[in-house]
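Close look at the chain arrangement
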Amino acid sequence: LSDDSKPKQIHPPKDLKKPRGKKCFFVKFFGTEDHAWIKVEQLKPYHPHKEDMVKINKGKRFQQAVDAVEEYLKKAKGKESVSLLSTSHYVAQSIPPHSLMLVVLSLSLSLSLSLSLSLSLSQDTGSTSIQAADSTAVNGSITPTDKRIGFLGLGLMGSGIVSNLLKMGHVVTVWNRTAEKCDLFIQEGARLGRTPAEVVSMCDITFSCVSDPKAARDLVLGPSGVLQGIRPGKCYVEMSTVDPETITELSQVITSRGGRFLEAPVSGSQQLSNDGMLVIVAAGDRSVYEDCSSCFQAMGKTSFFLGEAGNAARMMLVLNMVQGSFMATIAEGLTLAQATGQSQQTFLDILCQGQMASTFVDQKCQNILQGNFKPDYYLKHIQKDLRLAISMGDSVNHPTPMAAAANEVYKRAKALDQSDNDMSAVYRAYIH
């Protein structure tokens with residue numbers, strides 16, 4: 001802030017909780033007309049950073065936000081003491097009673113900022129609805145639903161999701177097959193459910209995130225399973241990546257008991273789950289999707305609604321088929337470079353300067369070169385996704401030769417005891 005523009009305490013809407021901890025300002029966003037708490041440390045002078053931001057962010061919405069700021073400045077000139085600040089991407093205006101502060105907020109994946117904001121956009125394109133939110137925010141920027149949330153499955157994805165739900169103020173009851181995994185979340189404020197049925201009975205909306213179709217079915221249909229706790233109005237959200245047939249079966253049994261069903265598998269990794277930057281792909285009961293709004297904002301940066309149950313499973317299998325095939329191709333390229341006397345590091349350096357440059361490519365290749373195969377997404381799970389995608393292709397007589405070839409390489413890696421390593425350990429299938 002400039003010396004002559006010091007914000008004063010304001011009173012935000014009663015339903016918007018102030019974050020705990022460090023000092024924040026309450027801001028209103030240009031472009032979206034949303035508002036939220038923003039931490040002081042996320043704010044930088046606007047004018048010195050404006051040119052850099054405009055160069056980096058070429059999107060239409062960003063330019064519209066900048067135009068709105070410039071228009072405001074013209075009108076405000078001589079009337080107010082104005083100070084401009086930024087953290088990147090979106091423009092906002094604080095609303096103290098006697099002075100105004102403008103900020104730019106980031107939705108950039110490359111920045112691990114803990115912004116306190118609640119931003120949602122929606123657009124309808126047929127049966128598809130998109131909601132975007134920068135949920136790297138971790139302290140109170142989202143108004144949590146007053147519904148009681150249950151969560152079943154605290155694996156690589158589930159752990160990060162539950163942590164972010166708790167940080168955003170949701171009331172969460174957890175269950176995991178190995179109960180010790182619940183301990184950390186109990187310390188963070190979660191409640192403990194003894195069985196899946198008990199969790200569903202205690203909660204309004206219960207999410208599950210488990211490894212495969214069998215685990216998903218067993219969780220619902222098995223002893224003390226989800227189905228035993230379902231009553232009219234109870235919501236069940238299946239976040240596991242499974243086949244559409246499993247989703248259809250689960251949807252039918254849940255709704256037959258008067259429950260409401262949504263599938264919401266996620267695209268991402270353990271790191272993205274921890275950062276609250278997953279992409280949620282949902283389908284099924286639209287009203288459940290809307291009821292989950294604050295949960296999806298807490299765990300992800302964007303969510304899509306794709307219509308009837310089964311569509312999200314189909315889309316997620318296609319997405320993971322592409323990712324798995326791509327990872328195998330990258331591993332093949334690295335090992336071929338080495339086999340022909342080329343530097344693998346140089347191969348990566350060149351790759352990351354071209355059109356295929358991405359955080360995914362850089363991180364996976366660097367981990368391979370360092371021999372670091374700590375799981376961010378289990379190899380056994382990407383192989384499962386490839387297998388299910390190939391089967392889905394068979395069901396509609398659509399060829400999937402690239403996925404089939406990649407699947408064989410992952411099966412080779414599994415035979416080499418790489419199942420519980422990261423998907424990038426497919427590299428080892430080429431060097432043994």
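Residues numbered from 1 in each chain as written. Predicted model: local features only at pLDDT ≥ 70, side-chain atom pairs only at ≥ 80, totals over all residues. Heavy atoms only, no water.

- Naming follows an unreviewed UniProt entry, where the protein appears as Cytokine-like nuclear factor N-PAC of Electrophorus electricus.
- As recorded by UniProt, the Sequence similarities (unreviewed entry) comment attached to the protein reads in full: "Belongs to the HIBADH-related family. NP60 subfamily."
- UniProt, in its Subcellular location (unreviewed entry) section for the protein, records the words "Chromosome". (UniProt positions renumbered as here; feature names shortened; annotations may be inferred.)

**Section: the overall build of the protein**
- For the protein, the helix and strand inventory stands at 16 helices and 17 strands.
- A buried classification covers 51% of the 432 residues belonging to the protein.
- For the protein, the proportion of contacts with a sequence separation of at least 24, taken over those separated by at least 6, is 64%.
- When the accessible surface of the protein is split by element, carbon and sulfur atoms take 51% of a total near 20,100 Å². (Helix = DSSP H or I, 4+ residues; strand = E, 2+ residues; numbered from the N terminus. Buried < 20%, exposed > 50% of the residue type's maximum accessible area, 1.4 Å probe, protein only. Contact = heavy atoms within 4.5 Å. Areas by Shrake-Rupley, 256 points an atom, 1.4 Å probe, with all protein chains shown as cover.)

**Examining the confidence of the model for the protein**
- In this model, the protein carries a mean pLDDT of 82, and residues with pLDDT of at least 70 account for 72%.
- Note on residues 86–126: pLDDT is under 50 here. Beyond four places in sequence and across chains, it has 178 contacts.
- Ignoring residues within four places in sequence, the model shows residues 133–140, a span with pLDDT below 50, making 46 contacts including any to other chains. (pLDDT = per-residue confidence, 0-100.)

**Considerations on the pattern of salt bridges**
- Counted by the stated rule, this structure contains 11 salt bridges.
- Here R260 and D291 are joined by a salt bridge, their closest N and O atoms 2.9 Å apart. Of the two residues, R260 sits in strand β14 (residues 260–263) while D291 sits in helix α10 (residues 286–291), which places them 31 residues apart along the sequence.
- D291 gets classed as partly exposed once you look at its relative accessible area, which sits at 24%.
- Across the salt bridge formed by K411 and E408, the nearest N and O atoms sit 3.0 Å from each other. Placement of the pair is K411 and E408 together in helix α16 (residues 401–415), with a separation of 3 residues, close to one helical turn.
- By relative accessible area, K411 is classed as partly exposed at 38%.
- By sharing partners, the salt bridges in this structure join R260, D285 and D291 into a single network. (Salt bridge = Lys/Arg side-chain N within 4 Å of Asp/Glu carboxyl O.)

**Brief notes about helix α15 (residues 379–395)**
- The first and last C-alpha atoms of α15 sit 25 Å apart over 17 residues, in line with the 24 Å expected at 1.5 Å per residue.
- Counted residue by residue, α15 has 12 buried out of 17 residues, so it is predominantly covered.
- Those residues of α15 not exposed but buried are L379, H381, I382, Q383, K384, D385, L386, L388, A389, I390, M392 and G393.
- On its buried side, α15 packs onto α6 (213–221), α8 (244–256), α12 (311–339) and α16.
- Once α15 ends, the next one or two residues include N397, with phi positive near 55°. (Expected span 1.5 Å × (residues − 1).)

**A few points about the nonpolar core**
- If you look at the biggest cluster of nonpolar residues, it comprises 66 residues, and the most contacted ones within it are F151, F207, M239 and L262.
- Non-local contacts of F207, meaning those with residues more than four positions away in its chain, are made with I149, G150, F151, L152, V237, M239, C292, C295, F296 and M299.
- With 19 residues, the next largest nonpolar core counts C203, V226, L227 and V242 among its residues. (Core = buried A, V, L, I, M, F, W, Y, C linked by side-chain atoms within 4.5 Å.)

**Description of the packing of α12 against helix α14 (residues 359–369)**
- Close contact between α12 and α14 brings their axes to 11 Å; oriented N to C, the two are set at 50°. It follows from the interaxial angle that α12 and α14 lie oblique. Every pair of crossing elements has a handedness; the one defined by α12 and α14 is right-handed. Note on element contacts: α14 touches α12 through F360, V361, K364, C365, I368 and L369, opposite Q323, F326, M327, I330 and L334. (Axes fitted to C-alpha atoms, helices over the stretch in contact; angles between N-to-C directions. Parallel < 35°, antiparallel > 145°, perpendicular 65-115°, else oblique. Left-handed = near helix turned anticlockwise from the far one by under 90°.)

**Regarding the packing of α6 against α8**
- Two elements in contact, α6 and α8, have axes whose closest approach is 10 Å; the angle formed by their N-to-C orientations is 10°. Classified by the angle their axes make, α6 and α8 are roughly parallel. Touching P213, A216, R217, V220 and L221 of α6 are T246, E249, L250, V253 and I254, all from α8.
- Grouping the amino acids of the contact of α6 with α8 by side-chain chemistry returns 7 nonpolar, 1 polar and 2 charged. (Nonpolar A, V, L, I, M, F, W, Y, C, P; charged D, E, K, R; others polar.)

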